[in-house]
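Summary of structural features
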Amino acid sequence: MRCRHLPLVLALLAAPALWAQALPTPAVLQASLAAPPQPVTVIEPHLSVGGKQVRLSYLGYPIAQVLSAHLGPDWQKTPGKEIKFRALDGYVSRIPVERFAKHRAWLVLARQDGSEFVVDNLEQNQKRVPLGPYYLVWDNIAAPELQAEGASGWPYQVAQIALRTSSKTALLPPGLAPGFEVQAGLAQKFCLNCHQVNGFGGDKMPINLAARAKQIDAATWQRWLLNPSAVRPGTAMPPLPEGLADRETVARQLHDYLKALPVSE
Ligand code: HEC
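These remarks concern the structure in this document.

What counts, and at which threshold
- Residues numbered from 1 in each chain as written.
- Predicted model: local features only at pLDDT ≥ 70, side-chain atom pairs only at ≥ 80, totals over all residues.
- Heavy atoms only, no water.
- Pairing = 2+ DSSP bridges.
- Helix = DSSP H or I, 4+ residues; strand = E, 2+ residues; numbered from the N terminus.
- Axes fitted to C-alpha atoms, helices over the stretch in contact; angles between N-to-C directions.
- Contact = heavy atoms within 4.5 Å.

With that settled, the discussion passes to the sheet that holds strand β9 (residues 158–165). An order of β4-β3-β9 is seen for the three strands of this open sheet, with the pairing classed as antiparallel. Strand pairing shows two members of the sheet lacking a second neighbour, β4 (92–96) and β9, which therefore form its edges. Taken pair by pair, the neighbouring strands of this sheet meet at an average axis angle of 20°, ignoring direction. Relative to β9, strand β3 (residues 81–87) runs antiparallel, the two being bridged by seven bridges. Residue Ala87 lies in a different strand from β9, and its bridge partner there is Val158. Seen against the sheet, helix α4 (residues 63–71) touches β3 and β9 and runs at an angle of roughly 75° to β9.

Structure, rendered in structure tokens:
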């Protein structure tokens, strides 16, 4: 009985598509990269709220090195594609390949000072959130423009990485009026890590925003996106990042876009 499925299991394990998904444990990763993890210091966006800047140092590997080892070296030559990071809790971050050429990122696996690999997620009212197995961090000291984006693009508890085609078709379907490219990008960056549009997005809170937005009036929408904790104390929904210029406009643009987006699921 034990051996009957072995050939199938081995065949599945050898399939490149599956290898591309699940990340190995930190110990296996370290062995496969044949180098110890390096220190990296960032302004930790989960702690840097209310105008504060909190620096933390982690240990990890340049993401380009990890991606080349696990997706093959050609991942960088595929413009129009995205790297999909999937967390243990269903949070999904889709990051355009081009962004990794523009900014430096690391996949980290421990705190440099040896303290527990956790962070307080102040905007989501959560304390001591485990970051492992992996956490994607960015050199936002060299690139201060990243600080304005808050923690979007910083997935933690990352367990799977895959190369995916761009989300354009899901976000800009043929039935949508033209001119919503910017808005679709904003939804992708700030909302679809947790929510979905027509089945595309994250599973942390998989409501269909294309449907939900049509039921919420403009004022309620604004209040909710700018300060969810004021509407529902203790909520795990984060506000639009404080550092973002013109948050009111961004919130309105998202509403306009999601109201216009046809519901297909
Ligand atoms: C980190 C995950 C996360 C992100 C990112 C996020 N949300 Fe949410 N959202 C939640 C959670 C969790 C809830 C449920 C909140 C509750 O009931 O306390 C929620 C609820 C909602 C609701 C439902 C409110 C209701 O009462 O029906 C809407 C609408 C919404 N989010 C819109 C957005 C939009 C638009 C964005 C992007 C600007 C966004 N969310 C980004 C986690 C997130």
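Turning to the pairing of strand β2 (residues 55–62), a few remarks are in order. When strand β1 (residues 38–43) meets β2, the two strands line up antiparallel, connected through six bridges. Residue pairing for β2: Pro39 is matched across the bridge by Leu59. Relative to strand β5 (residues 105–111), β2 runs antiparallel, the two sharing five bridges. From the neighbouring strand, Tyr61 faces β5, where its bridge partner is Leu107.

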